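Reading the structure
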Amino acid sequence: HVQLVESGGGSVQTGDSLRLSCRISGWTFGSFCLAWFRQAPGKDHEGVAGLDSDGEINYGDSAKGRFTISRGSDATLYLQMNDLKPEDTAMYYCAADPMTGLLCDSHNRIWGQGTQVTVS
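Rules used throughout
For every chain, the first residue of the written sequence is number 1, and numbering continues from 1 along that sequence. Note on the predicted model: pLDDT of at least 70 is required for a residue's local features to be given, and 80 or more for side-chain atom pairs to be given and counted; whole-chain, interface and lining totals, by contrast, use all residues. Hydrogens and waters are ignored; side-chain quantities use all the structure's heavy atoms. The numbering of helices and of strands both runs from the N terminus, where a helix is a DSSP run of H or I of at least 4 residues and a strand a run of E of at least 2. Between the two quantities, the radius of gyration covers C-alpha atoms and the globule rule is 2.2 Å times the number of residues to the power 0.38. Three labels apply to residues, based on accessible area from a 1.4 Å probe with only protein chains included: buried if under 20% of the type maximum, exposed if over 50%, partly exposed otherwise in between. Paired strands, in this sense, are two strands between which DSSP finds at least two bridges. Orientation is described by axes fitted as lines to C-alpha atoms, over the contacting stretch for helices, and by angles from 0 to 180 degrees between their N-to-C directions. Only Phe, Tyr and Trp rings are paired, with Trp represented by its six-membered ring, and only when their centres lie within 6.5 Å; those with planes under 30 degrees apart are stacked, over 60 edge-to-face, the remainder tilted.

**Digging into the overall build of the chain**
Helices and strands together make up the secondary structure of the chain, namely 0 helices and 12 strands. Along the chain, helices and strands appear, N-terminal first, in the series β-β-β-β-β-β-β-β-β-β-β-β. Computed over the C-alpha atoms, the radius of gyration of the chain is 14 Å, within 12% of the 14 Å expected from 2.2 N^0.38 for a compact globule of 120 residues. Across its three principal axes, the chain shows a C-alpha extent of roughly 40 × 30 × 25 Å.

**Let's talk about the pairing of strand β8 (residues 76–81)**
Judged by how many residues are buried, β8 sits mostly within the fold: 5 of 6 residues are covered. Sheet topology note: the strand β7 (residues 67–73)/β8 ladder contains 6 bridges and is antiparallel. When the sheet's bridge partners are listed, Arg71 is paired in β8 with Leu77.

**So, the sheet that holds β8**
Pairing in this open sheet of 4 strands is antiparallel, and the strands run β1-β3-β8-β7 from one edge to the other. Two strands bound the open sheet, and with one partner strand each, they are β1 (3–7) and β7. This sheet shows a mean twist of 20° between the axes of neighbouring strands, independent of strand direction.

**Looking at the packing of aromatic side chains**
The description of an aromatic ring pair uses the distance of the two centres, along with the angle that the planes make with each other. Counted by the stated rule, this structure contains 2 aromatic pairs. Centre to centre, the rings of Tyr93 and Trp111 are 6.1 Å apart; their planes meet at 85°, and the pair counts as edge-to-face. With Tyr93 in strand β9 (residues 90–100) and Trp111 in strand β11 (residues 110–111), the pair connects residues that are 18 residues apart, well separated along the chain. For Trp111, a relative accessible area of 36% corresponds to the partly exposed category.

None of this, on its own, says anything about what the molecule does.
Written out as structure tokens, the structure is:
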């Protein structure tokens, strides 16, 4: 049973930086896609950054030039966030999609519990 646990959120001021971590456990074999999402109160989930099984990266418009997604190891996913702005305030979630053939199976997406980021 795959489990994702985020950490690293907090309350910061405009222009500060944070590094979010996502610890992945229980995934001992198989390919997967990884991503960061965020959700602010009253708003829909927003894709922040994605990393597919081949290492290809995709960023949401709000993240380009400021955020960086990376894998520190097979068990850890990071999101480096620089030059934070109040509009970045949200609950941040990491997610994993198992691979079904060559596709990232979003139907079976596994979510972490989230870590809160507040920028003022």
